[in-house]
Amino acid sequence: MIESVLWDDWHVVAELAELQRRGVWHTRLLGVALIVQWDPESGLIRARRAAEDPRSGSARAVEALEVRYGFVWVSLGRPTRPIVEFAECHEPDRLLATAGSVGVAVSGLRAVENFLDLSHLAFVHEGYLGEQPHTEIAPYAVETLADGTLRATGCRVYQPKPSPVESSGFDVDYIYAVLRPYIVVLFKANPVEQSRKDMIALFVQPVTEESCVAHILTCYLPHEIHPPTVRRFQQFIFGQDRPILENQTPKRLPLGARAEASVRADLSSASYRRWLDAAGVRFGAIAASA
Ligand SMILES: [Fe+2]
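Residues numbered from 1 in each chain as written. Predicted model: local features only at pLDDT ≥ 70, side-chain atom pairs only at ≥ 80, totals over all residues. Heavy atoms only, no water.

### Examining helix 5 (residues 227-246)
End to end, helix 5 covers 28 Å across 20 residues, agreeing with the expected 28 Å (1.5 Å per residue, within 8%). The set of residues buried in helix 5 consists of Val-230, Phe-233, Gln-234, Ile-237, Phe-238, Gln-240, Asp-241 and Leu-245. On its buried face, helix 5 is in contact with strand 8 (95-104), helix 3 (108-116), helix 4 (121-124), strand 13 (197-208) and strand 14 (211-220). (Helix = DSSP H or I, 4+ residues; strand = E, 2+ residues; numbered from the N terminus. Expected span 1.5 Å × (residues − 1). Buried < 20%, exposed > 50% of the residue type's maximum accessible area, 1.4 Å probe, protein only. Contact = heavy atoms within 4.5 Å.)

Put into structure tokens, the structure is as follows:
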């Protein structure tokens, strides 16, 4: 039995453009093998379980399916809440672009935690999202909002190349929000309009407990930004994270407080693990009591 907080929620299973190119997409969500099909005549998208139901002998259709933000979303259960909403995506001058889907042989919870981790930027993304000796992480705050969102504010980090188009470095303000166990979004000060923020969302598809696909959505302000450049930049950055992620052991994320020592730089990581534990998330995790 997979916990309702995941089973009855929405997850991305394919990038729409990629599905349309191929027509058929084989994937897996929460361990369940799925076949997603796009019919070019009607434009309809259908998803069904790849394995037949042993009682009825039929492959069960996935009823809950929607297209949003350039991705195909499904729920294997009965969705109790809507797909995540972003006010920024409705602003008319925004450039909404998918930036690819990357398979990673590690728990998706590890991918979310890594995305939240400020301390790795100067090392893993040196020359882009961080630089030595600017490795010190200034104090920031983490809180759980009334709607359940886990939010980190006041994050500030020196970045030599903070965006696909920026060539000069500056101190970048960050806000992180974990909206669902496998969904995290980053708001980052725009270099031109410093009062507004670019948005990068990571929709992590839990494939199995120890593998995932990270689907990236970017919602930039339009200053000199072009989707192919954004895509290349994000894939390059994620390509730097991937080997680090795949070398983490264990592959599932331990939720116990003492499982891995926490320091101030890892405040968001420790908070995320506690938040997951409190929400009853087990898929992709090693329970605190284990
Ligand atoms: Fe990273």
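Following the structure, the description resumes.
### Examining the nonpolar core
One finds Tyr-174, Tyr-176 and Tyr-272 to be the most contacted residues of the largest nonpolar core, which totals 63 residues. In contact with Tyr-272, other than residues within four places in its own chain, are Leu-109, Val-112, Glu-113, Leu-116, Leu-150, Val-178, Pro-181 and Leu-253. (Core = buried A, V, L, I, M, F, W, Y, C linked by side-chain atoms within 4.5 Å.)

### Focus on the packing of aromatic side chains
According to the stated counting rule, one finds nine aromatic pairs in the structure shown. Plain terms: the ring middles of Tyr-69 and Trp-73 are 6.4 Å apart, the flat faces sit at 70° to each other, and that makes the pair edge-to-face. The same class applies to Tyr-69 as to Trp-73, namely buried. With centroids separated by 6.2 Å and ring planes inclined at 35°, the aromatic side chains of Phe-86 and Phe-203 adopt a geometry described as tilted. Of this pair, Phe-86 sits in the loop between strand 7 (71-75) and strand 8 while Phe-203 sits in strand 13, and the two are 117 residues apart along the sequence. On the basis of relative accessible area, Phe-203 is assigned to the buried category, the value being 1%. (Phe/Tyr/Trp six-rings, centres within 6.5 Å; stacked < 30°, edge-to-face > 60°.)

### Considering helix 6 (residues 267-279)
For helix 6, which comprises 13 residues, the first-to-last C-alpha distance of 18 Å matches the rise-based estimate of 18 Å (1.5 Å per residue) to within 8%. On its buried face, helix 6 sits against helix 3, strand 9 (141-144), strand 10 (150-159), strand 11 (170-180) and strand 15 (253-254). Once helix 6 finishes, Gly-280 follows within two positions and takes phi at roughly 80°, a positive value.

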